[in-house]
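Chain by chain, the residues:
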Amino acid sequence: MWNYLQGGTDNYSIDREAGDAYAGPYPEIFYLAGQVRQFLERTVRWVASEAGVRQFFDIGCGLPAQRGLRNTHEVAQAVDPRCRVVYVDNDPVVYAHAQALLVSTVSDGGEIAYIEADARDTDNLIAQAANTINFTEPVAVLLMGILGALRFDEALAVVGTLMRAIPTGSYLIFSDGRDTESRHEALARRNETGINRYELRTREQMARYFDGLDMVEPGIVPVTQWRPEPVEVGTLRPVEGYGGVGRKS
Ligand SMILES: C[S@@+](CC[C@H](N)C(=O)[O-])C[C@H]1O[C@@H](n2cnc3c(N)ncnc32)[C@H](O)[C@@H]1O
């Protein structure tokens, strides 16, 4: 469904049905889906170039981005080809497309791996990722649009386990849908389609994910307002997808 909302072509009729059910009362979701991916690009580039992180653990990565949107390894390896990236998703369709995702655009020292697993099986995830990621060196953990698929207590437990596994100088990069009245009907319709359930979270709940971390400026904000870059046409508008970056110190 997310691939459809991001303008991709790797989707089935059930995905489009669920996407349209969501978009009916909330057409803004198409704009938001694209902006979330651009937030991913800006945050990964910032963490790689400004913070010097070379390892990325992208959990709930989704299908490979299309139509001008880029994937974590493409952004990170454009900064340094030696970056190592581990992708995780529990959707078998994402795994089927991972062959395309796993192709690095650079040949120089970097590594990319893909794990098909449930994020809630966090210890297993970390054990498998350790084949590619050195957990004594800084790691950027990406949790983009996935934590709403988990109950809030499960989401907190997953984040806590991941943050304990990474050393000082590591980062959490997060985004998700903010709980606002305008999205309730859309979400109810989406959840009725039988696709996996999703929950929106308040900003206060999102802040809990960053407990014990130092927030990078400007904090948890609409994704379009996180260190925006100049746009060629039009203006960026605030969205109800929020995101932020935190550093483990
Ligand atoms: C909304 S998409 C976000 C994709 C991408 N991170 C982005 O921001 O564009 C959420 C992804 O999380 C995956 N996901 C949901 N629950 C999961 C779980 N428990 N474990 C692993 N992946 C999960 C879904 O299969 C889907 O690909």
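Residues numbered from 1 in each chain as written. Predicted model: local features only at pLDDT ≥ 70, side-chain atom pairs only at ≥ 80, totals over all residues. Heavy atoms only, no water.

Participant: Help me understand the site of the ligand in this model?
Facilitator: Taken together, 19 residues are adjacent to the ligand, and W2, G60, D89, A119 and M144 come closest. One of the side-chain nitrogen or oxygen atoms of W2 is found 2.9 Å away from an oxygen atom of the ligand. Separating a nitrogen atom of the ligand from a backbone N or O atom of M144 is a distance of 2.9 Å. In isolation the ligand exposes 600 Å². Once the protein is present, 90% of that is buried. Residue composition of the shell around the ligand, grouped by class: nine nonpolar, five polar and five charged. (Near = heavy atom within 4 Å. Polar contact = N/O pair within 3.5 Å; in protein donor to acceptor, adjacent residues only side chain to side chain. Areas by Shrake-Rupley, 256 points an atom, 1.4 Å probe, with all protein chains shown as cover. Nonpolar A, V, L, I, M, F, W, Y, C, P; charged D, E, K, R; others polar.)

Participant: What is the right way to read unusual backbone geometry from this model?
Facilitator: Note: most peptide bonds trans; most residues except glycine with negative phi. A cis amide bond links E217 to the next residue, P218, at an omega of 10°. Here P218 is to be found in the loop between β6 (214-215) and β7 (221-222). For R227, which is not a glycine, the phi torsion comes out positive at approximately 40°. Secondary-structure assignment places R227 in the loop between β7 and β8 (241-247). (Helix = DSSP H or I, 4+ residues; strand = E, 2+ residues; numbered from the N terminus.)

Participant: Would you mind showing me how to read the packing of helix α3 (residues 28-49) against helix α4 (residues 72-79) here?
Facilitator: When two helices pack together, their arrangement is given by the angle between the helix axes and the distance between those axes. Packing of α3 against α4 leaves a shortest axis separation of 9 Å and a crossing angle of 35°. Between α3 and α4 lies a crossing whose hand is right-handed. Between α3 and α4, the contacting residues are L40, E41, V44, R45, A48 and S49 on the first element and T72, V75, A76 and V79 on the second. Across the contact of α3 with α4, the residue classes tally to six nonpolar, two polar and two charged. (Axes fitted to C-alpha atoms, helices over the stretch in contact; angles between N-to-C directions. Left-handed = near helix turned anticlockwise from the far one by under 90°. Contact = heavy atoms within 4.5 Å.)

Participant: Even after reading the chapter, I still don't get the environment of E50, so can you show me in this structure?
Facilitator: Examined against the element boundaries, E50 turns out to sit in the loop between α3 and β1 (55-59). Under the relative-accessibility criterion, E50 is labelled exposed at 58%. In sequence terms E50 and E17 are 33 residues apart; their C-alpha atoms lie 41 Å from each other. (Buried < 20%, exposed > 50% of the residue type's maximum accessible area, 1.4 Å probe, protein only.)

Participant: Teacher, can you tell me more about the pairing of β1 here?
Facilitator: Look at any regular strand and the pattern is simple: side chains alternate between the two faces of the sheet. Counting buried positions over the five residues of β1 gives five, a clear majority of the element. A two-sided burial pattern is seen for β1, the buried positions comprising Q55, F57 and I59 on one face and F56 and D58 on the other. Where β1 lies against strand β2 (residues 84-89), five bridges are found, and the strand directions are parallel. Within β2, the position partnered with F56 by the bridge is V85. In the sheet, β1 pairs with strand β4 (residues 140-144) via four bridges, with the strands oriented parallel. Each bridged residue has a counterpart across the sheet, and for I59 the counterpart in β4 is L143. (Pairing = 2+ DSSP bridges.)

Participant: It is not clear to me how the pattern of salt bridges should be interpreted in this structure. Could you clarify?
Facilitator: When charged atoms on two side chains of opposite charge get close, those side chains can pair. Summed over all chains, the structure comprises 11 salt bridges. Of the charged contacts, one joins D80 and R82 as a salt bridge, the two residues approaching to 2.8 Å between their closest N and O atoms. With a shortest N-O distance of 2.6 Å, R201 and E199 are connected by a salt bridge. For R201, a relative accessible area of 1% puts it in the buried group. Through salt bridges with shared partners, one network takes in D118, R120, R151, D153 and E154. (Salt bridge = Lys/Arg side-chain N within 4 Å of Asp/Glu carboxyl O.)

Participant: Just to check I follow, could you spell out the side chain of N3 for this structure?
Facilitator: Note on placement: N3 falls in helix α1 (residues 2-5). Setting aside residues up to four positions removed in sequence, N3 forms contacts with G8, T9, D10, N11, L63, P64 and Q66.

Participant: Can you help me understand the packing of aromatic side chains in this one?
Facilitator: For any pair of aromatic rings, the description rests on two quantities: the centre-to-centre distance and the angle between the ring planes. Inspection of every chain in the model, using the stated rule, returns 10 aromatic pairs. Centroid distance F39 to W226: 6.0 Å. Interplanar angle 90°. Geometry classified as edge-to-face. Taken together, the positions of F39 in helix α3 and W226 in the loop between β7 and β8 put the pair 187 residues apart, joining distant regions of the chain. Residue F39 is classed as buried on the basis of its relative accessible area of 0%. Summarising the aromatic geometry, the rings of W46 and W226 are spaced 6.2 Å apart at their centres and angled 85° between planes, so their arrangement reads as edge-to-face. Taken together, the positions of W46 in helix α3 and W226 in the loop between β7 and β8 put the pair 180 residues apart, joining distant regions of the chain. (Phe/Tyr/Trp six-rings, centres within 6.5 Å; stacked < 30°, edge-to-face > 60°.)

Participant: How do you make sense of the nonpolar core when you look at a structure like this?
Facilitator: One broad trend across soluble globular proteins is that nonpolar side chains are buried collectively. One finds Y22, V44, V47, F56, Y171 and I173 to be the most contacted residues of the largest nonpolar core, which totals 46 residues. In terms of residue count, α3 provides more of this core than any other element does, 11 residues in total. Counting residues in hydrophobic clusters, the runner-up holds 34 residues, among them A117, F135, I166 and L213. (Core = buried A, V, L, I, M, F, W, Y, C linked by side-chain atoms within 4.5 Å.)

Just geometry here; none of it tells us what the structure is for.
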